[in-house]
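Here's the letter readout for the chains.
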There are 2 protein chains.
Amino acid sequence: MKLKEFAKQLGLSPTTVSRALSGYPEVSEVTRARVVQEAVRLGYRPNVNAVRLKTGRVGAIGVVMGRAGEFHFAEFMAGMAERLITEDTDILVIPMADPEYDAEMQLYRRLAESQRVDAIIVHSPRPNDQRIALLHELGMPFLVHGRSDIDVPHPWLDIDNEGAVRRATSHLIALGHTRIAMINGRQGATYALHRDIGYRSALQSHGIEVDPQLIANGNFTDEIGFRFARSFLEQPKRPTAFVAGSMMTALGIYRAARSLGLQIGSDVSVIAHDDVFPYLTADNMVPSLSATRSSMRAAGTRCADLVLQLLAGRSPTEIHELWPVELILRESTGPVRELQT
Amino acid sequence: MKLKEFAKQLGLSPTTVSRALSGYPEVSEVTRARVVQEAVRLGYRPNVNAVRLKTGRVGAIGVVMGRAGEFHFAEFMAGMAERLITEDTDILVIPMADPEYDAEMQLYRRLAESQRVDAIIVHSPRPNDQRIALLHELGMPFLVHGRSDIDVPHPWLDIDNEGAVRRATSHLIALGHTRIAMINGRQGATYALHRDIGYRSALQSHGIEVDPQLIANGNFTDEIGFRFARSFLEQPKRPTAFVAGSMMTALGIYRAARSLGLQIGSDVSVIAHDDVFPYLTADNMVPSLSATRSSMRAAGTRCADLVLQLLAGRSPTEIHELWPVELILRESTGPVRELQT
DNA sequence: AGGTAAATTGAAATCGGTTTGAGAAAATAT
DNA sequence: ATATTTTCTCAAACCGATTTCAATTTACCT
């Protein structure tokens, strides 16, 4: 059923029908009601691609998916979906080829110029992130999930990684820990940097020297958690506490500690960051995991919301949202208890 | 840069340019080469939405994301992405509102009629899945990831869930286990049914009676694994082995066993299904987890491939791919050792 | 050279809508 | 009753490509 045909059936012109359906004020309420009702009855729906071509609006938000296929991603998207379900807006997932710099920039450029999306969400930004500069320059609406130090105004939503880790670390210090290891995310992303800063600032403000031997970076996997935790714990001056970047990392740390006969919560304390997953909860781990918590899903929902606002005309420069992070103490943290090696 | 403008710069008609770029044979190689080269130099790219409108082809595959935001999903999509990266095809993620039947059918109908995607991938089909009937009826190309018993021809890719679980269960029986619990996925999906069949057939062919008290269904979460495992293990005649639907479920079972002081691999054997995640590997668990393994990512890649073939004209009725599942034995399985309660 | 076949090229129609600018009808003001 | 404003409707232009059909050029034969 095409517009022309449909209009003819109603005895109206295509113009009037189009206006009636798009809510323009020039059409009387009586007519509009009739048009809407008949559209439902006869099953008329405007051809999306014709509308897209004509209006330039696509009704889609682009999200670039890193090669790694992180488990966070699904949660974030589920969150976005929650918000977009009522809207007439799709989520377009753009796969990223290889992590080479040029290819990445190329991808974003092409995406921005391709008219396939109305806006883009940029993930895991780096301190000096050229993607942001590029999108800004191209005039493509975008929202950064995370932050960047780059000298280009950009709307962002981020969680207070620095504060979260500072509090986590400070709490461990308050429990008497001085050798606190940090298993952070991959180097390069701003969030990893912020967490690093939070960690260092907590140590320094308590006069504890930072030991580079106790800092590691890597993907958020069980494997990474295990490997680093194990190697740290085998050092002569082993750490008595860990700050970890993710639940998976924490699983690895638990495993490493167990494998060495160490008790989590007494011999070794652990605080990890929990993005809140439906399938793996910090409270259920044994012992239950103390965590800095912030829902990835909620972030997705809010990001979708902000993007919609952006597209509705809200100024990008005024969108800066920093979410506080809860610190939830459970059984995996306890007072220090020094052990002889 | 528009086609008209670009063509003028080249001193050619839009027709010729369009043909050159789309690889039509009517244009000489010399001209084509020049056009392609200049297109790159001047940065001309056809407007996607004009092409979509004109050709009716969208260049997008739709995937409906369930509300649950399962962790499998990201892996599957990453796999799809791997295949589609070279193609000019997007992945459109369609959020599913609430799992009410009507809403779901409505969603698929609208999606199919909306011209936003060229094909749809249907997940977690049910034995009698009306979505399949609908899509078939509407003539929308689709591929089922999983299978359905519905009396409508449909192209599918599935893993041999029945065989996998049968082998897993048989292996446990061979080790002497007779009280084998099954923590399956949510009831309703075909894969859960197939696993159930595999489980029962293994027991029956060894003359072991099926005990409904040892069968549970639920989401693939640590929580579900723990709760059911715990309650099973607290029964007077506790099971000595578990067959589990996912790695997360296995984590829960491990936890439950530990909490009761039982040793995995000796007191209790566990085999779970492993979809192969980069962030959590069966081999790394302690003790390492025996698993039926099949890569979700590979399935995504292949599904994308099959959809492309479908769109290229391959007959849907001839696409039926059943993947065998590896059974990988590790430390979590061992000979039965009956304990007194 | 002249005629035919083959290889190129282009003008114009088309995809299915939105929106501008203008006209007709109805309502209000003078 | 006429002029003016307001409300509603429409014809036609346009978005930016693809593709049909016809025309032109080049290549090949005799």
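Rules and cut-offs
Residues numbered from 1 in each chain as written. Chains lettered and ligands numbered in written order. Predicted model: local features only at pLDDT ≥ 70, side-chain atom pairs only at ≥ 80, totals over all residues. Heavy atoms only, no water. Helix = DSSP H or I, 4+ residues; strand = E, 2+ residues; numbered from the N terminus. Buried < 20%, exposed > 50% of the residue type's maximum accessible area, 1.4 Å probe, protein only. Pairing = 2+ DSSP bridges. Axes fitted to C-alpha atoms, helices over the stretch in contact; angles between N-to-C directions. Contact = heavy atoms within 4.5 Å. Buried area = accessible area lost by both parts, 1.4 Å probe. Salt bridge = Lys/Arg side-chain N within 4 Å of Asp/Glu carboxyl O. Polar contact = N/O pair within 3.5 Å; in protein donor to acceptor, adjacent residues only side chain to side chain. Nonpolar A, V, L, I, M, F, W, Y, C, P; charged D, E, K, R; others polar. Near = heavy atom within 4 Å. Parallel < 35°, antiparallel > 145°, perpendicular 65-115°, else oblique. Left-handed = near helix turned anticlockwise from the far one by under 90°. Domains from an automatic or database assignment.

Looking at the environment of B:Leu42
Residues and elements named next belong to chain B.
Moving on, step 1. By the secondary structure assignment, leucine 42 is in helix 3 (residues 29–42).
Moving on, step 2. On the basis of relative accessible area, leucine 42 is assigned to the partly exposed category, the value being 26%.
Moving on, step 3. Measuring from C-alpha to C-alpha, the distance between leucine 42 and glutamine 9 comes to 9.7 Å, with 33 residues separating the pair along the chain.

Re unusual backbone geometry
Moving on, step 1. A:Val286 connects to A:Pro287 through a cis peptide bond whose omega is -5°.
Moving on, step 2. Following the sequence through the fold, A:Pro287 ends up in the loop between strand 9 (269–274) and strand 10 (290–293).

Notes on the sheet that holds strand 1 (residues 60–65) of chain B
Moving on, step 1. In spatial order, the strands read 11(A)-5(A)-4(A)-3(A)-1(A)-2(A)-2(B)-1(B)-3(B)-4(B)-5(B)-11(B); together these 12 strands make up an open sheet with mixed pairing. A strand with exactly one partner marks an edge of an open sheet, and here the two such strands are strand 11 (320–323) of chain A together with strand 11 (320–323) of chain B. Between one strand axis and the next, the sheet turns by 20° as a mean value, whatever way the strands run.
Moving on, step 2. With 6 bridges joining them, strand 1 of chain B and strand 2 (residues 90–95) of chain B adopt parallel strand pairing. Each bridged residue has a counterpart across the sheet, and for B:Val64 the counterpart in strand 2 of chain B is B:Ile94.

Describing the interface of chain B and chain A
Moving on, step 1. With 49 residues of chain B at the contact, the number on the chain A side is 49 residues.
Moving on, step 2. Buried surface at the junction of chain B and chain A, both sides included, amounts to about 4,400 Å², of which 60% is carbon and sulfur.
Moving on, step 3. Together, B:Asn49, B:Tyr279 and B:Asn284 form the three largest contributors to the area buried by chain B at its contact with chain A, with a combined 14%.
Moving on, step 4. Our count for the chain B to chain A interface comes out at 2 salt bridges.
Moving on, step 5. Note that A:Arg116 is salt-bridged to B:Asp90, the shortest N-O span being 2.4 Å.
Moving on, step 6. Linking chain B with chain A are 12 residue pairs in polar contact (both at pLDDT 80 or more), by the criterion used here.
Moving on, step 7. Looking at the side of chain B that touches chain A, the elements that each hand over two or more residues are helix 4 (48–55), helix 5 (71–84), strand 2, helix 10 (222–233) and helix 11 (247–259) of chain B.
Moving on, step 8. When grouped by side-chain class, the residues that make up the side of chain B that touches chain A number 27 nonpolar, 7 polar and 15 charged.

Quick look at the protein's contact with DNA strand C
Moving on, step 1. Near DNA strand C lie 26 residues; those nearest to it are A:Leu3, A:Ser18, A:Arg19, A:Tyr24 and B:Ser13.
Moving on, step 2. Side-chain polar atom of B:Thr15 to a base nitrogen of DNA strand C: 2.8 Å apart, as the coordinates give it.
Moving on, step 3. Within the side chain of B:Arg19, an N or O atom sits 2.7 Å from a base oxygen of DNA strand C.
Moving on, step 4. Of all the secondary-structure elements, those providing two or more residues to the surface near DNA strand C are helix 2 (14–22) and helix 4 (48–55) of chain A together with helix 2 (14–22) and helix 4 of chain B.
Moving on, step 5. Its residues assigned to classes, the surface near DNA strand C shows 10 nonpolar, 9 polar and 7 charged.

Side note on the packing of helix 10 (residues 222–233) of chain A against helix 11 (residues 247–259) of chain A
Residues and elements named next belong to chain A.
Moving on, step 1. Viewed as axis vectors pointing N to C, helix 10 and helix 11 meet at an angle of 40°, and their least axial separation amounts to 7 Å. Taken as axis vectors, helix 10 and helix 11 run oblique relative to one another. Between helix 10 and helix 11 lies a crossing whose hand is right-handed. Where helix 10 approaches helix 11, its residues Asp222, Glu223, Gly225, Phe226, Ala229, Arg230 and Leu233 are matched on the opposing element by Met248, Thr249, Leu251, Gly252, Ile253, Arg255, Ala256, Ala257 and Ser259.
Moving on, step 2. Here the residues of the contact of helix 10 with helix 11 are counted per class, giving 8 nonpolar, 4 polar and 4 charged.

What to know about the domain arrangement of chain A
Moving on, step 1. Here chain A is described as being made up of domain 1 (3–46), domain 2 (60–159 + 297–323) and domain 3 (161–294).
Moving on, step 2. With centres defined by C-alpha atoms, the gap from domain 1 of chain A to domain 3 of chain A works out at 61 Å.

Overview of the protein's contact with DNA strand D
Moving on, step 1. The full set close to DNA strand D counts 26 residues, and A:Arg19, B:Leu3, B:Ser18, B:Tyr24 and B:Asn47 are the nearest of them.
Moving on, step 2. Among the atoms of DNA strand D lying within 4 Å of the protein, the sugar-phosphate backbone contributes 60%.
Moving on, step 3. Here A:Lys54 contributes a side-chain N or O atom positioned 3.1 Å from a base oxygen of DNA strand D.
Moving on, step 4. Sorting the residues of the surface near DNA strand D by element identifies helix 2 and helix 4 of chain A together with helix 2 and helix 4 of chain B as the ones contributing at least two each.
Moving on, step 5. Residue classes in the surface near DNA strand D are distributed as 9 nonpolar, 10 polar and 7 charged.

Overview of the sheet that holds strand 7 (residues 215–217) of chain A
Residue and element names in this part refer to chain A.
Moving on, step 1. Pairing is mixed across the open sheet formed by 6 strands, whose spatial order is 7-6-8-9-10-12. The open sheet has two free edges, formed respectively by strand 7 and strand 12 (326–328), since each of these has just one partner strand. Strand-to-strand twist of the sheet, defined as the mean angle between neighbouring strand axes without regard to direction, takes the value 15°.
Moving on, step 2. Together, strand 6 (180–184), strand 7 and strand 9 form the strand contacts of helix 9 (residues 190–205), whose direction differs from that of strand 6 by roughly 170°.
Moving on, step 3. Relative to the sheet, helix 11 contacts strand 6, strand 8 (241–244) and strand 9, its axis offset from that of strand 9 by approximately 160°.

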